[in-house]
Amino acid sequence: MAAPHTLPDLAPPGAVDPGTRPGTPPRRRTGRLPAPGRVLGHTVLAVAAAALLLPFFWMVSSSLKTDNAVFSVPVSWFPDSPRWANYVEIWRVSDLLGWLGNTVFLSVVVTALQLLTGSFAAYGFAKTRFPGRNLLFVLYIGTIAVPWQAYMIPQFILMSEVGLTNTPWAIVALQAFGAFGVFLMRQYYATIPDELCEAARVDGLSEYGIYFRIMLPLSVPALASLALLTFVTTWNDYLGPLIYLRDPDLWTIQLGLKSFVSQYNAEHALIMTGSVLSVLPVAVVFLLGQRYFVEGIATSGVKG
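This structure is a prediction, so every number in the text was calculated from the model and none was measured. (Residues numbered from 1 in each chain as written. Predicted model: local features only at pLDDT ≥ 70, side-chain atom pairs only at ≥ 80, totals over all residues. Heavy atoms only, no water.)

**Some remarks on the packing of helix H10 (residues 207-218) against helix H11 (residues 220-236)**
Let me state the cut-off plainly: Only C-alpha atoms enter the line fits that serve as axes; for helices the fit covers just the stretch in contact. Angles between N-to-C directions range over 0 to 180 degrees. Secondary structure elements are taken from DSSP: a helix is a run of H or I of four residues or more, a strand is a run of E of two residues or more, and numbering for both begins at the N terminus. Our angle categories are set so that under 35 degrees counts as roughly parallel, over 145 as roughly antiparallel, 65 to 115 as roughly perpendicular, and the remainder as oblique. Contacts were defined at the residue level, with two residues in contact if any of their heavy atoms lie within 4.5 Å. Polarity classes work like this: nonpolar for Ala, Val, Leu, Ile, Met, Phe, Trp, Tyr, Cys and Pro, charged for Asp, Glu, Lys and Arg, and polar for all others, with Gly in that last group.
Two numbers describe how H10 lies on H11: the axes approach to 5 Å, and their chain directions differ by 70°. On the basis of their axis angle, the class for H10 and H11 is roughly perpendicular. Contact with H10, carried on its side by Leu216, Pro217 and Leu218, involves Val220, Pro221 and Leu223 of H11 and no other residues of that element. Looking at the contact of H10 with H11 residue by residue, the classes come out as 6 nonpolar, no polar and no charged.

**Side note on helix H7 (residues 168-175)**
The condition that has to hold: Working definition: with a 1.4 Å probe on protein chains only, accessible area under 20% of the residue-type maximum means buried, over 50% means exposed, and in between means partly exposed.
Along H7, the residues classified as buried are Pro168, Ala170, Ile171, Val172 and Gln175. Residues of H7 that are buried make contact with helix H4 (96-127), helix H6 (152-161), H11 and helix H12 (239-244).

**Observations concerning the packing of aromatic side chains**
Under the convention used in this document: For Phe, Tyr and Trp, rings pair up if their centres lie within 6.5 Å, where Trp contributes its six-membered ring, and each pair is then called stacked (planes under 30 degrees apart), edge-to-face (over 60) or tilted (otherwise). Counting as a charge over the ring demands two things of the Lys NZ or Arg CZ atom: a distance within 6 Å of the ring centre and an angle within 35 degrees of the ring normal.
In this structure the tally under the stated criterion is 12 aromatic pairs. Measuring from centroid to centroid gives 5.9 Å for Trp58 and Phe71, while their planes differ by 50°, and the two rings are tilted. Of this pair, Trp58 sits in helix H1 (residues 35-62) while Phe71 sits in the loop between helix H2 (67-70) and helix H3 (86-93); the two residues are 13 residues apart in sequence, bridging distant segments of the chain. Looking at Trp58, the relative accessible area reads 21%, which means it is partly exposed. Between Tyr211 and Phe212 the ring centres are 4.7 Å apart and the planes differ by 70°, which places this aromatic pair in the edge-to-face class. Judged by relative accessible area, which is 47%, Phe212 ranks as partly exposed. Among the aromatic residues, ring-to-ring pairing joins Phe120, Tyr123, Tyr208, Tyr211 and Phe212 into one connected group. Sitting over the ring of Phe137, Arg186 keeps its end group 4.8 Å from the ring centre.

Below, the structure is given as structure tokens:
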């Protein structure tokens, strides 16, 4: 007589699989791509990064060549004998020190003012209540869509009337306020719980105290992001200084390099040397603040 068929024992809920070690947590599915997908993604990113960095590498390499070797065919990516004397010669034949000093002054002052004005205005839009707050915020942010070229002539007339043309203070006055900075900081402040501000008000802390003692220390990543973006924008600005700074002693690095190119249009190696020196401070600032920059950008849009 055949033996009756028996069903396998079903493990009760919560039982441990005998093939697994006791205490081992169950495996969970992760959102990571499989290994081939990760390799392909990293390869694409590496190729894109190399394509973006290739012009800068060529610029640095050309700054160490002679003039005839800069545009040699085929392209020589590495100089046969590095010409470090170019980095000494550029200081002798141009007012590079004065241009860099003027640019550093404008970039630092404008960045400091935008951090103060942008963060303070953002605190008002994010953590205080007043009639028409949302409408005023939308109208203010809407100014980002208006190109500067549409109102630069009225601005120039205004600066002329108050006597700020041909002074660095015209650039400072025009760029001390920025709608983008207010938007960025306001989005970051929205991620900070309102209960912190309410508790501080209950304890008797003023709005200024809440702003300086609570909001600013908690918003270091967003402040670093805004500082980096503002510094780079001011450093690379060409049209503003071109309009307002007519005295050569007030020229920034962008105006100085343009005049240097016009005067030494055949000195290609020196032109590349000046370009490297103009980019170097921005690269150093970005490398020092890239961690805060990425964190601030990533968290500024978490909550609307």
